[in-house]
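As a plain string of letters, each chain reads:
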Amino acid sequence: MLETRVLKLGQKMVISWRALALSLLLSILAGVSGAGELPDRVIASITSRLAYRDVSGDIVVVGLDDPTLAASRGGEFDRRDHAALIRAIDRAHAKRLFIDFDYQRPDDYGGLKSITAAVRAMGNRVVLGVPTRQVPGTDELITIFPDPSFGDQAVRASIAWEKQLWQVWDVPLMYRAEGRLLPSFAAVLANKSADRAEDFRVDFSYRLQSIKQYSAIDVITGKIGERELGGKDVIFAPTASRLFDRHYLPGHDTVPGAYIHLIAGEALRRGNPVNLGWWPALGLVVVVMVPLLMANRSRRFSLAGYTMFIVLIATKAFLSSQLITISIGAALFFLMAIGANAARARRRDSAQRENPISGLPNFEALRGQAPFGSATIIAAKVVNFEDLAAFIPGDGIGQLVEQVTRRLQLASQGTVLHHDLDGTFAWLVPYYQHSQIEGQLAGLAALFNAPLTIGELRVDVAIAFGVNDEFEGSNAQRLAAALVAAEKSIRTRSLWTKYTPRQKDDAGWQLSFHSQLEDALSGGDIWVAFQPQYGITTKELVGVEALARWTHPTRGPIPPDEFIVQAEKSQDIYRLTLFVMDQAVRSAAELHQRGFDIHMSVNLSATLLDHSDLVGTIRVMLTAHHLPAEKLTIEITETAQIENSRQAKQTLAQLRRAGIRLSIDDYGTGQSNLEYLTEIEADEIKIDKRFVMTMRDSQRNLEVVKSTIDLAHRLGAVAVAEGIEDAPTLALLGQLGCDVGQGYLLGKPQLFTELVNSLSASPHSRTA
């Protein structure tokens, strides 16, 4: 019971459980691996280009810029110049001086002494940069600490950071260099510290144009002094174009390293940055979207998906301005993954609700729309459509349908015309147009008095109408009633017939069956069971047969022979077959992906071979589920005689050309065995279970089984025995040379989940 509920819930979802689980798994992998950060980086780059926040002005940059180098002796700003600048900044009463130079080169002219003296004079108001660089050609990092002559009062702070995709995204709060834990420039600027090495994301909302930068030469000459520098933190750093302290910042070209220190310090002064990672955003999307998937609200799901996309980006942008970093890449990936699966499911559903010949919505779409209410439903049937389809050559049937459709649309007056199989059409007439129906149908009859021109042929087409203006019943029931009325018009050779409640008793089982079948298909009471097939000599699993089952809510299980025969009589067999076919192909594709190299067999009534769109529909299913055609076996039931029609022969030829295997089912029970063998170039012949189950007790039946196996092998086909229920029968079939066996002894028909579990539980499950 629980498994049945899970199956029904899965059928109601916008996408399958498997697609949902795979999307979630890939999203988690994207988050864990960091592959999902690309959208976050794009958003950060856009934010940087749209920067709106000005820096506070409490931190300024004194740059060793191009004008300073041009004004220096020989174009070099030597260490004595550095010392002079430090003293000038000290005289300007700067709050602190951050020196972004390492002074590691040897000094033979006393310049280092001048610098150290100037630094010592400022005491603890100086912060010396400690760079960490990579040794060229290796992965080794070296850290350059200031010379001991600078004294102990000056603060040491790291100016290192790691680049990602050639850009600076994160800046250290604390940095561990050769075993020592150092604060970064940004941490000292904000008076922050931590007890472990950690990074934080740069706030890209700052406008770099708002940063105050002064030329070092102007400070030395006194043009810039206490008014500009007094009480402020000053970063002294290289900013000239020919110096190598420029870095790529997202949304910008290269910028001086001092600018990155400055905006990082400004961010830390505003608060403590927090990195929430990727899982909160992904969790939010899962919590919001999965219930919508389970509720099968396709429109709401699409709207929620677009809304969530916008909310994620807006939330990220807002939280970034509050120094909270959140990665939405994994969440966006999940949205796109389930969105792509939902779009594919909608396309598949649209294909199932569309007639492949005319492109019009079919009766499934009509049954599934909102209740008809007070509208009248009109059904139209082309008389002897099957004969016309067999008579008209080439693509003539498509032209026939197109011209019939064009004439019918004149009467449907803007309402949607629905086209189902076998030349059947239907449309709704609003309540306020009821009085016009008789005149519209008379006008249509006049239109169809003129023959249709199909190529060089002139074809007379007769059409009959059924009208149902009763308001009771479901959409399916009301449509079925209109179709019954149209059938009565054909039998009585009337132009149109109006359905009356009295006709319900006359229709009897046919009408009841049709409506109940529709409800069963839409409600999940009709389902597909799967029975394994094993090689008799190898004992290996070689195939699975898909079998239709109907569990009626009040009558219980209905025998397949009962409802399948009635479906053939009521012309519902095609829809029932397509339902089973779709489930079978979907399940075969999943088994194929799980590594089970087996065939999937599906029963097909011989009466369906006259459907011109059959092969195209099967090909669409195979393509949609990515199943190779050779993995599908079509079993033609021999109890229904193949009429000598051109379309049936074309369908058989098309099935073989598509690579689909053909099988003759229930061999020995029909009335034209030899005709079947000549009409169908079968890949396998299935011996009916009535012969197999009694062959040990009946010599005649044993001879039938033996001769059928021999005949199959002589025709190059595989012999398959049905109804194996005991070991002696299996052994006897092996002695007779039968290839494949199927029956309760080898495996009962079961739910697909049960089949997968039994096959996956142990390798021994793959053998009989």
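Residues numbered from 1 in each chain as written. Predicted model: local features only at pLDDT ≥ 70, side-chain atom pairs only at ≥ 80, totals over all residues. Heavy atoms only, no water.

With that settled, the discussion passes to the overall build of the protein chain. A tally of helices and strands in the protein chain yields 29 helices and 31 strands. Computed over its C-alpha atoms, the radius of gyration of the protein chain comes to 40 Å, more than 25% above the 27 Å expected for a compact globule of 768 residues. Across the 768 residues that make up the protein chain, the buried fraction comes to 51%. Summarising the internal contacts of the protein chain: among those between residues at least 6 apart in sequence, 73% fall at separations of at least 24. Surface summary for the protein chain: the accessible area is close to 36600 Å², and the carbon and sulfur share equals 53%. (Helix = DSSP H or I, 4+ residues; strand = E, 2+ residues; numbered from the N terminus. Rg over C-alpha atoms; globule rule 2.2 N^0.38 Å. Buried < 20%, exposed > 50% of the residue type's maximum accessible area, 1.4 Å probe, protein only. Contact = heavy atoms within 4.5 Å. Areas by Shrake-Rupley, 256 points an atom, 1.4 Å probe, with all protein chains shown as cover.)

As a further point, take the pattern of salt bridges. Per the counting criterion, the structure on display carries 32 salt bridges. A salt bridge links R201 to D170; its shortest N-O distance comes to 2.6 Å. With R201 in strand β9 (residues 198-201) and D170 in strand β7 (residues 170-177), this residue pair connects regions lying 31 residues apart in the sequence. For R201, a relative accessible area of 22% translates into the label partly exposed. Under the relative-accessibility criterion, D170 is labelled buried at 15%. Ionic pairing is found between R406 and E402, a salt bridge with its closest N-O pair at 3.2 Å. Taken as a pair, R406 and E402 lie in helix α16 (residues 396-412) at a separation of 4 residues, close to a single helical turn. Linked by salt bridges that have partners in common, E364, R367, E518 and R575 make up one network. (Salt bridge = Lys/Arg side-chain N within 4 Å of Asp/Glu carboxyl O.)

Read across the sheet, 5 strands follow the order β17-β18-β16-β21-β22 without closing on themselves; strand pairing throughout is mixed. Of all the strands in the sheet, just β17 (418-419) and β22 (496-498) have a single pairing partner and so form its edges. Relative to strand β18 (residues 424-429), strand β16 (residues 376-382) runs antiparallel, the two sharing 6 bridges. Its bridge partner lying in β18, I377 is registered against L428. The strands touched by helix α17 (residues 437-449) within the sheet are β16, β18, β21 (463-468) and β22, with β21 carrying the most contacts at an inclination of about 170 degrees. (Pairing = 2+ DSSP bridges. Axes fitted to C-alpha atoms, helices over the stretch in contact; angles between N-to-C directions.)

Let us now look at the packing of helix α22 (residues 573-593) against helix α23 (residues 614-625). Where α22 contacts α23, the two axes come as close as 9 Å, and the packing angle between them is 30 degrees. Here α23 runs roughly parallel to α22, going by the angle between their axes. Here α22 and α23 pass one another in a crossing that is right-handed. When α22 is examined against α23, the residues Y574, L578, M581, D582, V585, R586 and A589 are found in contact with a partner set consisting of L614, T617, I618, M621, L622 and H625. Here the residues of the contact of α22 with α23 sort into 9 nonpolar, 2 polar and 2 charged. (Parallel < 35°, antiparallel > 145°, perpendicular 65-115°, else oblique. Left-handed = near helix turned anticlockwise from the far one by under 90°. Nonpolar A, V, L, I, M, F, W, Y, C, P; charged D, E, K, R; others polar.)

Looking now at unusual backbone geometry. For H93, which is not a glycine, the phi torsion comes out positive at approximately 60 degrees. Here H93 shows up in the loop between α5 (79-91) and β2 (96-99). The backbone of N191 sits at a positive phi, close to 60 degrees, despite the residue not being glycine. Take N191: it is sitting in the loop between α7 (185-190) and β9.

This part covers the nonpolar core. Core analysis: the biggest nonpolar cluster contains 78 residues, and L591, M600, I618, L632, I634 and L733 have the highest contact counts within it. Sorting elements by how many residues they give to this core places α22 first, with 11 residues. Leaving out residues up to four positions away in the same chain, I618 has contacts with M581, L632, I634, L655 and I660. By size, the runner-up hydrophobic cluster in this structure holds 39 residues, among which are V127, A187, A190 and Y206. (Core = buried A, V, L, I, M, F, W, Y, C linked by side-chain atoms within 4.5 Å.)

This part is about the environment of P749. As for its position among the elements, P749 is in the loop between β31 (740-741) and α29 (752-761). The spatial distance from the C-alpha of P749 to the C-alpha of A548 is 9.9 Å, given a sequence separation of 201 residues. Sequence-distant contacts of P749, that is, excluding residues within four places in its chain, are made with A529, F530, Q531, L547, R549 and Y744.

A separate point is the sheet that holds β7. Ordered by their spatial adjacency, 3 strands build an open sheet running β8-β7-β9, and the pairing between neighbours is antiparallel. At either end of the open sheet lies a strand with only one pairing partner, and these are β8 (180-183) and β9. When the angles between neighbouring strand axes are averaged without regard to direction, this sheet yields 20 degrees. Sheet analysis places β7 next to β9, joined by 4 bridges and oriented antiparallel. The residue of β9 that forms the bridge with M174 is E198.

Looking now at helix α6 (residues 111-122). Look at α6: 17 Å from first C-alpha to last across 12 residues, which is about the 16 Å you get at 1.5 Å a residue. Restricting attention to buried positions, one finds in α6 the residues G111, L112, I115, T116, A118, V119 and M122. Buried positions in α6, seen along its axis, are confined to an arc of 160 degrees and lie on one side of it. Away from its buried face by more than 90 degrees, α6 exposes K113 and A121. Against the buried residues of α6 lie α5, β2 and β3 (126-130). In the segment just after α6, G123 is the residue with positive phi, at about 65 degrees. (Expected span 1.5 Å × (residues − 1). Arc of directions from axis to C-beta.)

For the rest of this paragraph, the subject is the packing of aromatic side chains. Enumeration according to the criterion identifies 8 aromatic pairs in this entry. When the centroid spacing of 4.7 Å and the interplanar angle of 45 degrees are considered together, the rings of F101 and F236 count as tilted. One end of the pair, F101, is in the loop between β2 and α6; the other, F236, is in strand β11 (residues 233-238), and 135 residues separate them in sequence. For F101, a relative accessible area of 17% gives the class buried. (Phe/Tyr/Trp six-rings, centres within 6.5 Å; stacked < 30°, edge-to-face > 60°.)

In regular strands, side chains alternate between the two faces of the sheet. Across the 6 residues that make up β11, a large majority, 6, are buried. Burial of the side chains of β11 extends over both faces: D233, I235 and A237 are buried on one face and V234, F236 and P238 on the other. Here 6 bridges tie strand β1 (residues 59-64) to β11, and the two strands are oriented parallel to one another. Across the sheet, the residue bridging to I59 is D233, located in β11. Relative to β11, β2 runs parallel, the two sharing 4 bridges. Following the sheet pairing, L97 is matched in β11 by V234.

Moving on to the packing of helix α27 (residues 699-714) against helix α28 (residues 727-736). Running from N to C, α27 and α28 point in directions that differ by 45 degrees, and their axes come no closer than 10 Å. In terms of their interaxial angle, α27 and α28 are classed as oblique. When the axes of α27 and α28 are compared, the crossing they make is right-handed. Contacts between α27 and α28 involve L702, V705, K706 and I709 from the former and L732, L733 and L736 from the latter.

A word on the side chain of D102. Among the secondary structure elements, D102 is positioned in the loop between β2 and α6. Side-chain polar atoms of D102 contact the backbone nitrogen of Q104, separated by 3.1 Å. A distance of 2.7 Å separates a polar atom in the side chain of D102 from a polar atom in the side chain of R133. (Polar contact = N/O pair within 3.5 Å; in protein donor to acceptor, adjacent residues only side chain to side chain.)

This is a description of form; function is not addressed.
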